[in-house]
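Listed below are the residues making up each chain.
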Amino acid sequence: MILKNIDKILLPFFDSNDIENILEKIEKIDFENKQFILLRLLDIEHIKFLAKRMKKDADLLISELEDDGWNSLYYYEEEFKKKYVNVRIALKSGNVVNEILQCISNFGIDTIILTREQKKGFEGMMKEKILKNIMLDSDKIIIII
Amino acid sequence: MIHELLNKDQIILNLSGATKEDILKEFIASGHTLKLIDDEKEFFNRILELENLGSSALEKGIAIPHLRDNFVKNLFLLIGITRSGVDFDSIDGESSRIIFFIGAKKNDKAYLPLLSRISRMCSYKEIRESFLNAVTPGEIMDIISRWEE
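Here's a quick rundown of the structure.

Calculation notes
Residues numbered from 1 in each chain as written. Chains lettered and ligands numbered in written order. Predicted model: local features only at pLDDT ≥ 70, side-chain atom pairs only at ≥ 80, totals over all residues. Contact = placed C-beta atoms within 7 Å. Helix = DSSP H or I, 4+ residues; strand = E, 2+ residues; numbered from the N terminus. Nonpolar A, V, L, I, M, F, W, Y, C, P; charged D, E, K, R; others polar. Pairing = 2+ DSSP bridges. Axes fitted to C-alpha atoms, helices over the stretch in contact; angles between N-to-C directions. Buried ≥ 20, exposed ≤ 12 C-beta atoms within 10 Å, placed from the backbone. Arc of directions from axis to C-beta. Parallel < 35°, antiparallel > 145°, perpendicular 65-115°, else oblique. Left-handed = near helix turned anticlockwise from the far one by under 90°. Core = buried A, V, L, I, M, F, W, Y, C linked by C-beta atoms within 7 Å.

1. Details of the interface of chain A and chain B
Here is step 1: Listed as interface residues are 16 residues of chain A and, on the opposing side, 14 residues of chain B.
Here is step 2: Mapped by element, the contributors of at least two residues to the side of chain A that touches chain B are α3 (58-82) and β3 (86-94) of chain A.
Here is step 3: At eight residues, α3(A) tops the list of elements feeding residues into the side of chain A that touches chain B.
Here is step 4: Split by residue class, the side of chain A that touches chain B holds eight nonpolar, three polar and five charged.

2. Points about the sheet that holds β3(A)
Residue and element names in this part refer to chain A.
Here is step 1: Here we have five strands laid out as an open sheet, ordered β3-β2-β1-β4-β5, and parallel in their pairing. The two strands at the open ends of the sheet, each matched to only one other strand, are β3 and β5 (141-144). Strand-to-strand twist across the sheet, computed as the mean angle between neighbouring axes with direction ignored, equals 25 degrees.
Here is step 2: Relative to strand β2 (residues 35-43), strand β1 (residues 8-13) is paired through six bridges, and the arrangement is parallel. Along β2, the bridge assignment pairs Leu10 with Ile37.
Here is step 3: The strands touched by helix α2 (residues 44-54) are β2 and β3; relative to β2, the strand with the most contacts, the crossing angle is about 40 degrees.
Here is step 4: Contacting β1, β2 and β3, helix α4 (residues 96-106) crosses the sheet at an angle of about 140 degrees to β3.

3. A closer look at helix α1 (residues 16-26) of chain A
All names here are of chain A.
Here is step 1: Residues of α1 that are buried: Asp18, Ile19, Ile22 and Ile26. Each buried residue of α1 lies within a common arc of 85 degrees when the element is viewed along its axis, so the set occupies one face.
Here is step 2: Against β1, β2, α3 and β4 (111-114) lie the buried residues of α1.

4. Notes on the pairing of strand β4 (residues 76-86) of chain B
Here is step 1: One ladder, built from two bridges, connects strand β1 (residues 11-12) of chain B with β4(B); its direction is parallel. Looking across to β4(B), one finds that Ile12(B) is bridged to Gly80(B).

5. Focus: unusual backbone geometry
Residues and elements named next belong to chain B.
Here is step 1: Unlike most non-glycine residues, Lys35 shows phi in positive territory, near 65 degrees.
Here is step 2: Relative to the assigned elements, Lys35 resides in the loop between α1 (20-33) and α2 (40-52).
Here is step 3: Using a count of 9 C-beta atoms within 10 Å as the deciding quantity, one classes Lys35 as exposed.
Here is step 4: The residue Asn107 is not glycine, and still its phi comes out positive at about 70 degrees.
Here is step 5: You can see Asn107 is positioned in the loop between β5 (96-104) and α3 (111-121).
Here is step 6: According to the C-beta neighbour criterion, Asn107 is exposed, with 8 such atoms within 10 Å.

6. Some details on the packing of α3(A) against α3(B)
Here is step 1: At a closest axis distance of 8 Å, the pairing of α3(A) and α3(B) adopts a crossing angle of 120 degrees. Classed by the angle they form, the pair α3(A) and α3(B) counts as oblique. Read as a crossing pair, α3(A) and α3(B) show a hand that is right-handed. On the side of α3(A), the interface is formed by Glu66(A), Asp67(A), Trp70(A), Asn71(A), Tyr74(A) and Tyr75(A), while α3(B) contributes Leu112(B), Pro113(B), Leu115(B), Ser116(B), Arg117(B), Ser119(B) and Arg120(B).
Here is step 2: Classifying every residue of the contact of α3(A) with α3(B) gives six nonpolar, three polar and four charged.

7. Focus: the environment of Met141(B)
All names here are of chain B.
Here is step 1: Checked against the element boundaries, Met141 lands in helix α5 (residues 137-148).
Here is step 2: A tally of 19 C-beta atoms within 10 Å means that Met141 is categorised as partly exposed.
Here is step 3: Those residues in contact with Met141, other than ones at most four positions away along the chain, are His3, Leu6 and Lys8.

8. A few points about the nonpolar core
Here is step 1: Ranked by size, the top nonpolar core spans 69 residues in total, and within it Leu10(A), Leu11(A), Ile37(A), Leu38(A) and Leu115(B) carry the most contacts.
Here is step 2: In terms of residue count, β5(B) provides more of this core than any other element does, six residues in total.
Here is step 3: In this structure Leu10(A) touches Ile37(A), Leu39(A), Cys103(A), Ile104(A), Ile109(A) and Ile112(A), once residues within four positions along its chain are discounted.

9. Focus: the environment of Ala63(B)
Residues and elements named next belong to chain B.
Here is step 1: Take Ala63: it is sitting in strand β2 (residues 62-63).
Here is step 2: Residue Ala63 is classed as buried on the basis of its 26 C-beta neighbours within 10 Å.
Here is step 3: Each C-alpha atom, one on Ala63 and one on Met141, is 18 Å from the other, the two residues being 78 residues apart in sequence.

Written as structure tokens, this is what we have:
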């Protein structure tokens, strides 16, 4: 069974919907003794673009989104632990594809779970880009749920 | 705000524990002395249980052991520095040297924002370096106050 080769699972996410979706689905799979790393991603270039459009200071918007990102990480950390799931958290701001690839390498990740949920616009585009790059640049297991 | 929860007694500049368990006990004993924690044993068992379900260590030498449960009286924060670093089983393999210890009552609305704010503050290299260079609790309080201005 493929799950035997899995120890450290990266769960990259952009928003609460992604992680709710994952949390609901992993309950149905036997992930006992696996470690999950929740990775909240912030794409800095996209945030700067949004700040310009909103006529808002980019640094302020980044700070607000980082606070919000950590907030959601700690919230879901608690939710995962309530289900006795071994979980760790991290937040990365920058080029999200590079950040994911670095996390895969730095954290000794062997598996990445991505949601299948189709999204339009920026997030949909980013998910496709992430998937393509992980497939090209790493030999890790990718689970799409 | 982080600084509003702190006074100098809540900052331990030289944590002496050599293991994660020792460090947790050191914080709990300090919290008990400061009347922030009633039942030391229950606090230790619960926070260790959470640590075993996933370490609270982040990257770059930061750890934030945290617990919210109804037996905790009120939201509190303790800060400790360990010069030699302690293995908190961090995500990047680095020893933890700057440790924030947080307790709160269940459903305390300030708990998640406090964790978030500390995590963001510690993402700045200058802040981490200033913490490690501080020689008095007052300096740590000043670093936090200045960052929060």
